Amino acid sequence: MMELEKLNLENHLIKMGMPVLQDIIGKEELEAISLITNKNINEVMIAELLIKSNGDDIFSDSLLRGYVINFLPEEYKSYLEYGNSNKKITQTLEKTIINRAWNRNFHSHYRLIEIFGLSNEYLPDEVDEEENNIILKTERKIEKLNFFSEIINKIIYFFKSLFGKNEIETFGLENFQIRIKNKLINSIKNNNFKAIVHMPTGSGKTKTTIASLLQHNLKTQFLNQNFIIWLAHSDELCDQAKDSFEELWRLYGTGDMPLIRLKDQKLNEISILSGGIIICTYSKLHRMRVNMNGAKILETIRNKSMFIVADEAHMVPALTFTESIEFISKLDFTFLIGLSATPGGYYVDQTEKLSNYFLKNKITITDDNDKELEGDEPINFLQKQGVLSYIKTHQVKTDFNFEFTPEEQERILNSFEEGLSPELIKKMGEDVERNICIFGELSNLYEQNLSTIVFACSLKHTKLLHKICILSGMKVAKIDDKTSSQNRKKIVQNFKNKEIKIIFNYGVLSTGFDAPGTEAIMIARPTTSPVIYSQMLGRGLRGPKFGGKTECLLIDLKDNLLGLPDEKTCFTLFDNYYKIEKSI
């Protein structure tokens, strides 16, 4: 029990003085905040800013934590290390205390929280052991049938199908998803070894595809002796697929089933499996393929790889992806299912190549009469169904200018990936006039009480915009790849409850972040990638049928990027989603 008087963190920060506070935040950032908000920033404002902008994670900032410890009175430093206040702390020991990793292994971290009278929420997150090898369980009743019972069931199934009386399992899907599921299953039955499922962002392509495979498994039980291999571009997308498998298997599984998040497993962990589900990133697959031990694991997987599902399938025809996928495929055995939400016709050559790679076997949205929808028809249909929201657009012109060289134009035109350099995006995030424009729009959104997600140019840009709004009295938060899991959950819940009106976001797109109450999106970072753009746009696309809104406002910054090819302007690429367009 601490006998010393508890300290006030805000007062302690103020006493550290302007030079130290300036060092913590950064001189350039402070100047930018002052220019954008038109305020003279003092120590009191910075201290309040640091506390509000960091929240429970304030001591995870090693520079700030170091200064806080350094400015403690000697008796508090003694208590920090020894639990009493009468021992001498040398400079060397103080440096050791300051440099300790921010985890729950050190008593000094607990005492630091205690000194300022803070709750344990200010401590580092407890480390959750990641489970990469799990067993999926099902609540579905599994009947053990003998040989004669199986024969009788097959005869009953045959006569039911003959007279059209088979019970159809919906898997909780909407009718348009069921039509896609049935087409995919028929494609598999007809031994079409390649197919691409094309569904707009926000219409549930992951769930629809998993439901299709699980229905096929209910009939054939292929998973007892074979693998489904699910490939995605990021760990977040892999986790999203894992969650969907767990949820659907619970209701429609056929017994205990291994699910592997392919990370650092040994060969024997894979070779003992008779079947199951394997989820992996493309980059991990590639690294394993070119590594001797990894290649042996993939060879074992290949012998049972009945289904490979390739998310973001527009990338698959690229040589690296093709070689990796073919390495785990067996001729006339492995079915390859591609998933894509990117609009067709983005590039003629690439679209044609993608179509040919999947043998022109595309499965897409149809209307209630099962007529295939083209152009903007799928979007209109799903908006009328309440599956997708209507996007009201509001383009905001900035005074930011940049001219691309012919070489840069060529690179952008021939790539599905981000064509803008990190240097250019960083420059945009630091442009004061552009940020004044953003701040003005954010103030308007806040006054309208719209739950808004902002996609910033960088982590630094996220922090800057977040601090500007805090200084202006707005209830806002930020989420990035460094936000602790407990803090992220709290922020998302507060956002849903309208306790927080704006979330600034970097590095967390449609992946691992779900906020169906989103009413407005601001895209403050430019991109030439339709994938990145669709992920950002996707946060506002969920319609009322999927727990979202009928309409979502899109604030899209229009920078003057000279020489950017028209077909690379993602805003116009997605204009099928939009209901109203206006610009200022």
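Residues numbered from 1 in each chain as written. Predicted model: local features only at pLDDT ≥ 70, side-chain atom pairs only at ≥ 80, totals over all residues. Heavy atoms only, no water.

(A) Broad picture of the overall build of the chain. Of the regular secondary structure elements, the chain holds 25 helices and 15 strands. Within the chain, buried positions represent 52% of all 584 residues. Considering only contacts within the chain whose residues lie at least 6 apart along the sequence, 77% involve residues at least 24 apart. Working note: accessible area of the chain is about 28,100 Å², and carbon and sulfur atoms make up 49% of it. (Helix = DSSP H or I, 4+ residues; strand = E, 2+ residues; numbered from the N terminus. Buried < 20%, exposed > 50% of the residue type's maximum accessible area, 1.4 Å probe, protein only. Contact = heavy atoms within 4.5 Å. Areas by Shrake-Rupley, 256 points an atom, 1.4 Å probe, with all protein chains shown as cover.)

(B) Layout of helix H10 (residues 175-189). Here H10 spans 21 Å end to end across 15 residues, near enough to the 21 Å set by a 1.5 Å rise per residue. Turning to H10, its buried residues number three or more, namely Phe-176, Gln-177, Ile-178, Arg-179, Ile-180, Lys-181, Leu-184, Ile-185, Ser-187 and Ile-188. In the core, the buried residues of H10 are packed alongside strand S2 (194-198), helix H11 (205-220), strand S6 (305-310), strand S7 (335-340), strand S8 (362-364) and helix H18 (377-384). A positive phi of about 60° marks Asn-191, the residue just after H10. (Expected span 1.5 Å × (residues − 1).)

(C) Structural detail: a negative patch on the surface. Taken together, the side chains of Glu-372, Glu-374, Asp-376 and Glu-377 present a region of like negative charge at the surface. Tracing the sequence through the fold places Glu-372 in the loop between S8 and H18. A relative accessible area of 38% means that Glu-372 is categorised as partly exposed. (Patch = residues over 30% accessible without salt bridge, like charges linked within 9 Å, V, L, I, M, F, W, Y side chains within 5 Å. Salt bridge = Lys/Arg side-chain N within 4 Å of Asp/Glu carboxyl O. Lys, Arg positive; Asp, Glu negative; His and termini not counted. Charge placed at Lys NZ, Arg CZ, Asp CG, Glu CD.)

(D) The pairing of strand S3 (residues 227-232), seen in detail. Most of S3 sits inside the fold, with six of its six residues counted as buried. Residues Phe-227, Ile-229 and Leu-231 point to one face of S3 and Ile-228, Trp-230 and Ala-232 to the other, with burial holding for every one of them. The sheet contact formed by S3 and S6 spans five bridges and is parallel. Note that in S6 the partner of Trp-230 across the bridge is Val-309. (Pairing = 2+ DSSP bridges.)

(E) Main features of empty space enclosed by the protein. Applying the stated criterion across every chain yields a total of two cavities of 30 Å³ or more. Approximately 30 Å³ is the volume found for the second largest cavity. Lining the second largest cavity are Leu-184, Ser-187, Ile-188, Asn-192, Phe-193, Lys-194, Ala-195, Phe-335, Leu-336 and Ile-337. Listing elements by their share of the lining of the second largest cavity, those giving two or more residues are H10, S2 and S7. Class assignment of the residues belonging to the lining of the second largest cavity gives a composition of seven nonpolar, two polar and one charged. (1 Å grid on protein atoms, 1.4 Å probe; cavity = no way out; pocket = protein on both sides within 12 Å on 5 of 7 lines; lining within 4 Å. Points joined across faces, edges and corners; volume = space filled by probe spheres on them. Nonpolar A, V, L, I, M, F, W, Y, C, P; charged D, E, K, R; others polar.)

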